[in-house]
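# Remarks on the overall topology
Spelled out from the first residue to the last, the chains are:
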Amino acid sequence: VSAENEAGVKSEVPRQRSAPMQTLLVDRTPPKVKMLSCPTGLVAGGAKVEVTWEASDTFLGETPVVVEISKDNARTWAPLSIDLPNVGRALVELPKESGKAFRLRVRATDEAGNSTAGDLSAPLTLDADPPEITVQGIDRSRLPEILVRYLVSDPGSNVVSWCKLWYRADGV
């Protein structure tokens, strides 16, 4: 760089092979990112789950990784966990919601602002709704046995893992 002032005094013009005053590196190469593992299938809404990845770039900063979530089958994305160090794994908390179109991905951004999102996860179904229980009737006609009819359903996943009947005898 050389300059001239109003009086016409000029700074020295750099000569060929002279040392540069400043070196500038232009980085246009985005990081490489690959998701290694994350939950798939049916997962409880609000659960903490582990996501693992590989990210590499010559100019990754200290916290270059973001785990993102899509609630509309990968049409739009929002950050789920931000400013993660590139250690290859993170424990992230899923939203306490229910739905079938959730997906996760990992994004890395280098110091020049180049950004890449890794592979998408397989679809996730989140279930944050507890099972519904309805007592349909009590039949005392076979005393000392009592028949309790009940209906258990789960609107979130349509699968009930177990059901337990709790009771208390009078006077106990």
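Here goes a summary of the coordinates provided. (Residues numbered from 1 in each chain as written. Predicted model: local features only at pLDDT ≥ 70, side-chain atom pairs only at ≥ 80, totals over all residues. Heavy atoms only, no water.)

### What about the layout of surface pockets?
In plain terms, the rule: As defined here, a cavity is a set of points on a 1 Å grid over the protein atoms alone where a 1.4 Å probe fits but cannot get out. A pocket is an open set with protein on both sides within 12 Å along at least five of seven lines, and residues line them when an atom is within 4 Å of a point. Grid points are joined across faces, edges and corners, and a volume is the space filled by probe spheres set on the points. All residues other than Ala, Val, Leu, Ile, Met, Phe, Trp, Tyr, Cys, Pro, Asp, Glu, Lys and Arg, Gly among them, are scored as polar; the first ten of these are nonpolar and the last four charged.
Taken as a whole, the largest pocket spans an internal volume of roughly 260 Å³. What lines the largest pocket is simply Ile-138, Arg-140, Ile-146, Val-148, Leu-165, Trp-166, Tyr-167, Arg-168, Ala-169 and Asp-170. Across the lining of the largest pocket, the residue classes break down as 7 nonpolar, no polar and 3 charged. Quantified by volume, the second largest pocket comes out at close to 180 Å³. Taken together, Pro-131, Ile-133, Val-152, Asp-154, Val-159, Val-160, Ser-161, Trp-162, Cys-163 and Lys-164 make up the lining of the second largest pocket. Here the lining of the second largest pocket is built from residues that sort into 7 nonpolar, 1 polar and 2 charged.

### Here's the deal with the nonpolar core
Considering soluble globular proteins, one finds that nonpolar side chains tend to be buried as a cluster. The following threshold applies: Here, the term nonpolar core denotes a set of buried Ala, Val, Leu, Ile, Met, Phe, Trp, Tyr and Cys residues that are joined through side-chain atoms within 4.5 Å. We call a residue buried when its accessible area falls under 20% of the maximum for its residue type, exposed when it is over 50%, and partly exposed in between, using a 1.4 Å probe and counting protein chains only. A run of H or I in DSSP becomes a helix once it reaches four residues, and a run of E becomes a strand once it reaches two; helices and strands are each numbered from the N terminus. Every residue pair with non-hydrogen atoms within 4.5 Å of one another is taken to be in contact.
Ranked by internal contacts, the top residues of the largest apolar core, which has 22 residues, are Val-51, Trp-53, Leu-94, Leu-104 and Val-106. Where this core is concerned, the elements lending two or more residues are strand S1 (32-37), strand S3 (48-56), strand S4 (60-70), strand S6 (89-93), strand S7 (99-110) and strand S9 (124-127). Residues within four places of Val-51 in sequence aside, it is in contact with Met-35, Ser-37, Cys-38, Val-67, Gly-88, Arg-89, Ala-90, Val-92, Leu-104 and Val-106.

### Concerning a nonpolar patch on the surface
Rule in force here: Patch membership requires more than 30% relative accessible area and the absence of a salt bridge. Residues of like charge join within 9 Å; the nonpolar side chains Val, Leu, Ile, Met, Phe, Trp and Tyr join within 5 Å. Here the accessible surface of atoms and residues is derived via Shrake-Rupley with a 1.4 Å probe, and residues count as covered only by protein chains that are part of the display. Each salt bridge in this description consists of a side-chain nitrogen of Lys or Arg and a carboxyl oxygen of Asp or Glu lying within 4 Å of one another.
Taken together, Ile-133, Val-135, Ile-138, Leu-143, Ile-146 and Tyr-150 make up a surface patch of nonpolar side chains, about 620 Å² in accessible area. Residue position: Ile-133 is located in strand S10 (residues 132-139).

### What about the sheet that holds S3?
To be explicit about the condition: We call two strands paired when DSSP finds no fewer than two bridges between them. To get an axis, a line is fitted to the C-alpha atoms, and for a helix only the part in contact is used. The angle between two axes follows their N-to-C directions and goes from 0 to 180 degrees.
The sheet built from 3 strands is open, its strands ordered S1-S3-S6 with antiparallel pairing. Looking at which strands have only one partner, the edges of the open sheet turn out to be S1 and S6. Along the sheet, successive strands turn relative to each other by an average axial angle of 35°, direction set aside.

### Some remarks on the pattern of salt bridges
For the structure shown, the criterion picks out 5 salt bridges. Close ionic contact of Glu-12 with Arg-15 constitutes a salt bridge, the shortest N to O distance being 3.6 Å. Like Glu-12, the residue Arg-15 is exposed in the burial classification. Among the salt bridges present, the one from Glu-50 reaches Arg-89, with a minimum N-O distance of 2.8 Å. Pair noted here: Glu-50 is in strand S3 and Arg-89 is in strand S6, with a separation of 39 residues, a long-range link. The network of salt bridges with common partners includes Glu-68, Arg-105 and Arg-107.

### Quick notes on unusual backbone geometry
Note that the residue after Leu-143, namely Pro-144, is joined by a cis bond; omega there is 15°. Within the secondary structure layout, Pro-144 lies in the loop between S10 and strand S11 (147-153). Of note in the backbone geometry, Asn-73 takes a positive phi value of approximately 60° without being a glycine. As for its placement among the helices and strands, Asn-73 is situated in the loop between S4 and strand S5 (78-84). The phi angle at Asp-83 is positive, at roughly 55°, despite the residue not being glycine. With respect to the secondary-structure elements, Asp-83 resides in strand S5. When its relative accessible area of 49% is taken as the criterion, Asp-83 is described as partly exposed.

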